[in-house]
Amino acid sequence: MRTAFIIRRVLALIPTLLLIYSLTFFLMHSTPGGPWDSSEKPIPADVQERLKAAYGLDKPLWQQYTDFLSKAVRGDLGPSYVQRSRSVSDIIGETFPVSLQLAAAAMLIATLIGIPLGILSAVRHNGPLDYLATFISIGGISTPPYVVTSLLVLLLASKLHWVPTSGWDGIWSSKAIIPAVSLALYPMAVLARYTRSSLLDVLRTDYMRTARSKGLGEQAVLVGHALRNAMLPVITIAGIVIADIATGSFFVETIYQVPGVGRYFVQSISGRDYPVIIGTVLLLGLAVSVSNLVVDLVYPLLDPRIGSGR
Amino acid sequence: MLAEPAALEAAPVTRHLPSALVARTAPAGLWSQAFRRLLRARLAVASGIALVLLILLAIFAPFVTPYDYTAQDYGALTQPPSQTHWLGTDDLGRDILSRLIVGARISLAVGLVVQAVILLIGVPAGLIAAHFGGKIDTVIMRTVDALYSIPSLLFVIVIMTFLRATLATAHSGFTQALAALDTQSGGLIGIFIGLGLINWMPAARLVRGQAASLKEKEFVEAARGVGATDGRIMAQHLLPNVVPIIVVTATIGIPQAIIYEAGISFLGLGARPPMPSWGLMIAEAIPNLRSYPYMLVSPAIALSLTVLAFNISRRRSPRCPRSLDGTVVHGRQAGCAVNTRRSGG
């Protein structure tokens, strides 16, 4: 019974991804201006014709649609139009792990700081710490990632020279600090707010009073009962958080020159590198959908009140 | 006598907590409560005033700017803040303060117009889905769900690329007119359309949820009994009742639109130079970060403070009424933020 539900949900991903693909494909191919318009020397018409034939761009649109799709499903996204000697899958294979590491680091920072912050705010409700934390959260939510990154670069790198101003040396180097922190700020703020309000709600309930009147020590009450229940809604926003990190990476990677998927995507926009654009959109769409799916599947496991009757 | 209930209300939670945790939170006396309330009110008032000032600034921008925001003074390139140029000049000799003020205009215009577009698409969609139900409802909501699962910024970028290129090579009369309008507005029309197209889904969902719960009420049945047409029911009966939800969505959507616009302008897909969108100013400032850091600071702070002011002064979406066992009572129908799990940050 549960497996049927799981299978149904996984299959539901397919129309969504198809929709994403179709929209992106249509938009990209309707966009006037081909991939070779941005080269420095104007390319003579017959050479353009041959280039188009070589890349399969002269076939009717619907055929390009299905061709690309059938190849993409097998993991072959074709050659990049800009870096012509490399295939898109290769480039993505190189850049995706970088972004993944950065995202993981950001997620870690956001969780390790955001959730305890939220818990402390709730526990010392309306105290000065609460106000400070709330202010930080609202500030974090209001500041877009490129602002954070630029300000951090300005402050920490240019003025104080604590960290380098750009580049990437792997996740353990000091070059990863600014990108990871800037990427983590918004999710951290969101997590702090959600944890706080969720915990506040839980602390007021009847079953908390039961737990205390049972004679449980306060720590046990907090950890064993309150937190476990408060964390549930927080998990539901995990999907949003992941999407935010994904989109935030465009800006952060571009500013800090991190060779990740985000920067690659931004570059491919101006270069009209269709396969890259479509490939990245599909990849990110898939990642976000899958993480939402995982959240959907895990949540009922943690909260038995949510029956399997979906 | 007034002190008692107030004191209880202020510390319902801390009463039960271990001494170690409570130690710092002294029993909430009357003075500290009053102080806290004053602080909170003052903060909201302060941000409200800031917003009003911003709006005034935006409206009267041409009269307030010390210099023309496009005037390039080649004798005063990249000047740090000084007596003549309070915030300095950029790399083309333009006064940053003036550009900042005009940027306020752009940001607010974008926030409002995009929200209007969103409502124009989303509200009817939600109303129609709720009112007719059945197949139409399923179709509309499935589309909404599918579009919802795409991270919005990603899609904004894709659509803006498409729009920009199409407008640049306009052929037919309509697109040419649109393109002319777009160039005149410095790329703003494109932004309005693009952002509006991406973000109407949450509004549609909320409206549909609210309207669907209203559908069962008696006044709708009565209206139908009197012979009201579908359109009339939707416009005159359902619509006024979904207004509160619309207002809440709008107050969240405006700062969101501002951030989006700055983001796409930053990437070069939004406002076109010389339009001084704050995002564009930030983008232009980054290559000069090391030598002329002040170019970055003003627009960055302006942007953050504006969005901050919006976020502080808007009424927080009411927490969902819960019964004491923790289950949510009215859920989405109450217009509260219960299950807002969705992608698309």
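It should be emphasised that the depicted structure is a prediction, and the values quoted were computed from it without experimental measurement.

For the rest of this paragraph, the subject is the overall build of chain B. For chain B, the helix and strand inventory stands at 14 helices and zero strands. Element order for chain B, N to C, with α for helix and β for strand: α-α-α-α-α-α-α-α-α-α-α-α-α-α. Sequence-distant contacts, at least 24 apart, represent 66% of the contacts inside chain B between residues at least 6 apart.

In terms of helices and strands, chain A carries 12 helices and zero strands. For chain A, the residues scored as buried account for 44% of the 310 residues in total. For chain A, contacts bridging at least 24 residues in sequence account for 74% of all contacts bridging at least 6.

Contact geometry for helix α4 (residues 88-123) of chain A and helix α7 (residues 177-203) of chain A: axes closest at 6 Å, N-to-C directions at 35°. Between α4 of chain A and α7 of chain A lies a crossing whose hand is right-handed.

With that settled, the discussion passes to helix α9 (residues 188-198) of chain B. Among the 11 residues of α9 of chain B, eight are classified as buried, and the element is accordingly described as predominantly covered. Within α9 of chain B, the full set of buried residues consists of L188, G190, I191, F192, G194, L195, G196 and I198 of chain B.

Our focus in this paragraph is the nonpolar core. Core analysis: the largest hydrophobic core is formed by 159 residues, its most contacted members being V156, I157, V207 and I282 of chain B. The biggest single contributor to this core is helix α5 (residues 96-132) of chain B, with 18 residues. Ignoring anything within four residues of it in the chain, the contact list for I157 of chain B reads I269 of chain A together with I264, L267 and L269 of chain B.

Our focus in this paragraph is the environment of W62 of chain A. Residue and element names in this part refer to chain A. Among the structural elements, W62 can be located in helix α3 (residues 61-73). Since 8 C-beta atoms lie within 10 Å of it, W62 is described here as exposed. Separated by 36 residues in the primary sequence, W62 and F26 have C-alpha atoms spaced 9.8 Å apart.

Turning our eyes to something else, we now look at the confidence of the model for chain A. In this model, chain A carries a mean pLDDT of 77, and residues with pLDDT of at least 70 account for 83%. Here helix α2 (residues 45-54) of chain A stands out as the least confident element of chain A, with mean pLDDT 71; α7 of chain A is the most confident, with 86.

This part takes up helix α10 (residues 200-215) of chain B. The end-to-end C-alpha distance of α10 of chain B, which contains 16 residues, comes to 22 Å, matching closely the 22 Å that a straight helix rising 1.5 Å per residue would cover. Taken as a whole, α10 of chain B has its buried residues at W200, M201, P202, A203, A204, R205, L206, V207, R208, Q210 and A211 of chain B.

Another aspect to go through is the packing of α10 of chain B against helix α12 (residues 230-266) of chain B. Residue and element names in this part refer to chain B. Viewed as axis vectors pointing N to C, α10 and α12 meet at an angle of 145°, and their least axial separation amounts to 9 Å. Crossing angle aside, the handedness with which α10 passes α12 is right-handed. Every residue of α12 that contacts α10 at P202, A203, L206, V207, Q210, A211 and L214 is listed here: L238, N241, V242, I245, I246 and T249. The residue inventory of the contact of α10 with α12, partitioned by class, reads 10 nonpolar, three polar and no charged.

The predicted coordinates of low-pLDDT regions are not to be read in fine detail. All names here are of chain B. The predicted model of chain B has a mean per-residue pLDDT of 72, with 77% of residues at 70 or higher. Taken as a whole, residues 1-26 scores under 50 in pLDDT and shows 27 contacts with residues more than four places along the chain or in a different chain. For residues 317-322, every residue scores under 50 in pLDDT, and the model assigns this stretch 19 contacts once sequence neighbours within four places are set aside. As scored by the predictor, the complex reaches a pTM of 0.75 and an ipTM of 0.75.

Now for the environment of I312 of chain B. Tracing the chain through its elements places I312 of chain B in helix α14 (residues 294-313). In this structure, I312 of chain B is in contact with I138 of chain A together with L43, A44 and S47 of chain B, ignoring residues within four places of it in sequence.

A separate point is the environment of T205 of chain A. In this structure, T205 of chain A sits in the loop between α7 and α8 (206-213). Sequence-wise, T205 of chain A and A226 of chain A are 21 residues apart; in three dimensions their C-alpha atoms are separated by 9.5 Å.

Conventions used here
Per chain, residues are indexed from 1 in the order of the written sequence. Just so you know, chain letters begin at A and ligand numbers begin at 1, following the order they were written in. Per-residue local features are limited, in this predicted model, to residues with pLDDT of at least 70; the limit for side-chain atom pairs, both in listing and counting, is 80 or more; totals at the level of whole chains, interfaces and linings are taken over all residues. Strands here mean DSSP runs of E at least two residues long; helices mean DSSP runs of H or I at least four residues long; both are numbered from the N terminus. We call two residues in contact whenever the C-beta atoms placed from their backbones are within 7 Å. Once C-beta atoms are placed from the backbone, each residue is buried if 20 or more other C-beta atoms lie within 10 Å of its own, exposed if 12 or fewer, and partly exposed for counts between those two. The axes are straight lines fitted to the C-alpha atoms, using for helices just the contacting stretch, and the angles between their N-to-C directions are given from 0 to 180°. The crossing is said to be left-handed when, going from far helix to near helix, the turn is anticlockwise and less than a right angle, and right-handed when the turn is clockwise. In these notes, a nonpolar core means any group of buried Ala, Val, Leu, Ile, Met, Phe, Trp, Tyr and Cys residues linked to one another through C-beta atoms within 7 Å. A score between 0 and 100, pLDDT records how confident the predictor is in each residue. Each helix should span, by expectation, one fewer than its residue count multiplied by 1.5 Å. Any residue that is not Ala, Val, Leu, Ile, Met, Phe, Trp, Tyr, Cys, Pro, Asp, Glu, Lys or Arg is counted as polar, Gly included; the first ten are nonpolar and the last four charged.

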